[in-house]
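Residue-level listing of the chains:
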Amino acid sequence: MKIFFFKRHCSGSFTTNNPETQILHYCRSGALSGAIHLLNSTDYEKTSLKKPIVYASLLQTCIKVVSFAHGLQIHAHVIKSGLQTDRFVGNSLLSLYFKLGPDFSETRKVFDGLFVKDVISWTSMISGYVKVRKPNNALGIFWEMLGFDVEPNGFTLSAVIKACSELGFVRLGRCFHGVVMSRGFNSNHVISSALIDMYGRNYESKDARQLFDELPEPDTICWTSVISAFTRNDMYEKALEFFYLKQKQHGFLADGFTFGTVLTACGNLGRLKQGKEMHAKIITSGLCGNVVVESSLVDMYGKCRSVDESQRVFDRMLIKNSISWSVLLGVYCQNGDFETVIRIFREMEETDLYSFGTVLRACAGLAAVRLGKEVHCQYVRRGGWRDVIVESALVDLYAKCGCIDFAYQIFVHMLVRNLITWNSMISGFAQNGRGGEALRIFEDMIVDGTKPDYISFIGVLFACSHTGLVCEGRKYFASMTEEHGIKPGIEHYNCMVHLLGRAGFLDEAETLIEEADCRDDSSLWVVLLGACTTCTNSVAAERIAKKLMEMEPGNPLSYVLLANLYRGVGRWNDAVKIRSLMNDRGVKKIPGKSWIETNSNLNLDMNEFRSLENAKYQVQG
């Protein structure tokens, strides 16, 4: 059987005529074509070329030079030679398919066909399933391995810990942590970094920190893992503190992954100055060609509101992948430039799931439902489905565009929902006047085991406010702090003030504001004053309006509402005085504006729609 080979051979002479030795020499130097040429020119039936080491070395050389085609042919040669039963050759074949094979199902077939499966074989399969994002299969293979009485090694434990990390199985991960300690692997940096990463990914930053502190000599990977753990848990200050400690006291050199994590911390803190310092360190470290690092730079500048600098970094990138483009989309989306997001998306040659989620958020920001439907169709046509990020963005888009039933249909068919999905559905029902259904979704979320956050309660209280559910609103507002430990913000107080004021409980609403930490925020008093227009308590309304006029003399709303209030109770002279006061202070009423989605252009001039000054409804073209 002849094996295809390159015509280019390695030069050099050998002092031995032993073909086995010569082939092994070629393999050690990475000269695959020379090794294959010699193999093809030798009558292996009359030589010792049937030795397992020859074919194992050839397979490992295929991996080294990234030549899967030659590896397939050597696989056929192995079968013909009857060496597939050798453990060493079998593991080399498995490694070839695992590292170079395009289809992991073929790797599984090789594994199932092995005559001897040792811990290396099992570990390769476990690692393979983790690599292709099938952590459940990885754990299944691990339990199967234990059934054959094969003892796991450090690499096996590292792989199953990564599987637990992906699945969020912290309790099982702790069990493996105990196995690591009992078997003396606690000083293994690979396993330690996997454990730190597992705790960090699953919001157990204290355990990640404790494990790190117990390491006698942590390496760069462990440092990066604990910094990443802090970043994932929004402990950005601590992440930066550890980074500087790592450099100053321990003299470690940061790699691309470390810089990527630190740049994320700088971006989320809005630390532009420190971000620029990191940029300078990256340049001096020679990491400017690293696509991961440069993509992190683009993201950092974008989060620090330095969009032009973000674009400049992107333009200078020599290598751009789908992640780089997606990050750039995210920069413009975060800064509210939704039209640019759509323009860039149309220019992209390669898109990934994250980019679909970003452009859908931009469509939601523009309430461009027709364009959103086009992106939805592109996503489906390209085989995308069952991605929680994209589907959550679709729920949010259709809900914000008033297509609430369409949003709900996507929601109910989702196999996986995250907190963003639930929040989008709650807010969608609330904003579309279906408060009862919003509260039902919130209760379903609690039963599902998803913990509500700050945004969840904005949707719930908004639903109560616009449906007049006073008792429910009081209950949920109290449960924020009492049951879920969430401190109410201005948005929550606005909802409650609107709810209580519209229901006629002006005194309770005013007391609520006075007792709030954000009592000096004028938006609360604006909401309360707006609620006064529906009640007959003109004394309270007058008091609130005058208080707001003192806080914000240039806000026309308090003047207009107070004048309308005076006219409503027949105090015409007082209404004229308020209008005169507005003129004296140079306060002008802001003209109402509206907007529509057109077929031709998304760049809309709001002044074109002044004729719709008093419009209260969004018109979708």
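Nothing here was measured: the structure is a model prediction, and the numbers come from that model. Counting restarts for each chain: residues are numbered from 1 in the order of the written sequence. Reporting of local features is limited, given that this is a predicted model, to residues whose pLDDT is at least 70; pairs of side-chain atoms are given and counted only at 80 or more, and all residues count toward the totals for whole chains, interfaces and linings. Computation of side-chain values covers all heavy atoms of the structure but excludes hydrogens and water.

What follows deals with the packing of helix α15 (residues 256-269) against helix α16 (residues 272-284). For helices, the fitted line uses only the C-alpha atoms of the stretch in contact; every axis is such a line through C-alpha atoms, and the angle between N-to-C directions lies from 0 to 180 degrees. A run of H or I in DSSP becomes a helix once it reaches four residues, and a run of E becomes a strand once it reaches two; helices and strands are each numbered from the N terminus. Where α15 meets α16, the closest approach of the two axes is 9 Å, and the angle between their N-to-C directions is 165 degrees. When the axis of α15 is compared with that of α16, the two are roughly antiparallel. Between α15 and α16 lies a crossing whose hand is left-handed. Touching Phe259, Val262, Leu263 and Cys266 of α15 are Gln274, Gly275, Met278, Lys281 and Ile282, all from α16. Amino acids are sorted into nonpolar (Ala, Val, Leu, Ile, Met, Phe, Trp, Tyr, Cys and Pro), charged (Asp, Glu, Lys and Arg) and polar (every other residue, Gly among them). In terms of residue class, the contact of α15 with α16 is made up of six nonpolar, two polar and one charged. Working definition: roughly parallel below 35 degrees, roughly antiparallel above 145 degrees, roughly perpendicular at 65 to 115 degrees, and oblique for all remaining angles. The hand of a helix crossing depends on one turn: near helix anticlockwise from the far one by less than a right angle means left-handed, and clockwise means right-handed. Only heavy atoms matter for contacts: two residues are in contact if any of them lie within 4.5 Å across the pair.

Turning to α15, a few remarks are in order. Here the expected length of a helix is defined as 1.5 Å per residue gap, with one fewer gap than residues. Between its first and last C-alpha, α15 extends 20 Å over 14 residues, near the 20 Å set by a 1.5 Å rise per residue. In this fold, the buried residues of α15 make contact with α13 (220-232), α14 (236-248), α16 and α17 (291-303). Within 3.5 Å is the distance limit for a polar contact, defined as a pair of N or O atoms, with the added protein rule that one can donate a hydrogen and the other accept it, and that residues adjacent in sequence qualify only through two side-chain atoms. With a side-chain oxygen positioned 3.3 Å from the backbone nitrogen of Phe257, the residue opening α15 is Asp255. Of the residues flanking the end of α15, it is Gly270, one or two places downstream, whose phi is positive at about 70 degrees.

Quick look at the environment of Ile74 now. Counting through the fold element by element, Ile74 comes out in helix α4 (residues 68-81). In this structure the C-alpha to C-alpha distance between Ile74 and Leu58, which are 16 residues apart in sequence, comes to 7.6 Å.

Right, let's get into the state of the cysteines. Defined by distance alone, a disulfide is two cysteine sulfur atoms within 2.5 Å. Counted by the stated rule, this structure contains zero disulfides. Residue Cys363 stays outside any disulfide, its sulfur separated by 8.1 Å from that of Cys401, the closest cysteine. Per-residue accessibility, obtained with a 1.4 Å probe over protein chains only, is compared with the maximum for each type, and a residue is labelled buried under 20%, exposed over 50%, and partly exposed between these values. Owing to a relative accessible area of 0%, Cys363 belongs among the buried residues under this scheme.

A carboxyl oxygen of Asp or Glu within 4 Å of a side-chain nitrogen of Lys or Arg is what we treat as a salt bridge. Under the defined criterion, the tally for this structure stands at 23 salt bridges. Residue Arg434 is joined to Glu437 by a salt bridge in which the shortest nitrogen-to-oxygen separation is 2.7 Å. The partly exposed category is assigned to Arg434, whose relative accessible area is 24%. We classify Glu437 as partly exposed; its relative accessible area is 25%.

Tracing the sequence through the fold places Asp299 in helix α17. Judged by its relative accessible area of 16%, Asp299 is buried. Other than its neighbours up to four places away in sequence, Asp299 contacts Val327, Val331 and Gln334.

Let us look at helix α20 (residues 338-347). Within α20, the full set of buried residues consists of Phe338, Thr340, Val341, Ile342, Ile344 and Phe345. In this structure, the buried residues of α20 make contact with α19 (322-334), α21 (353-366) and α22 (369-381).

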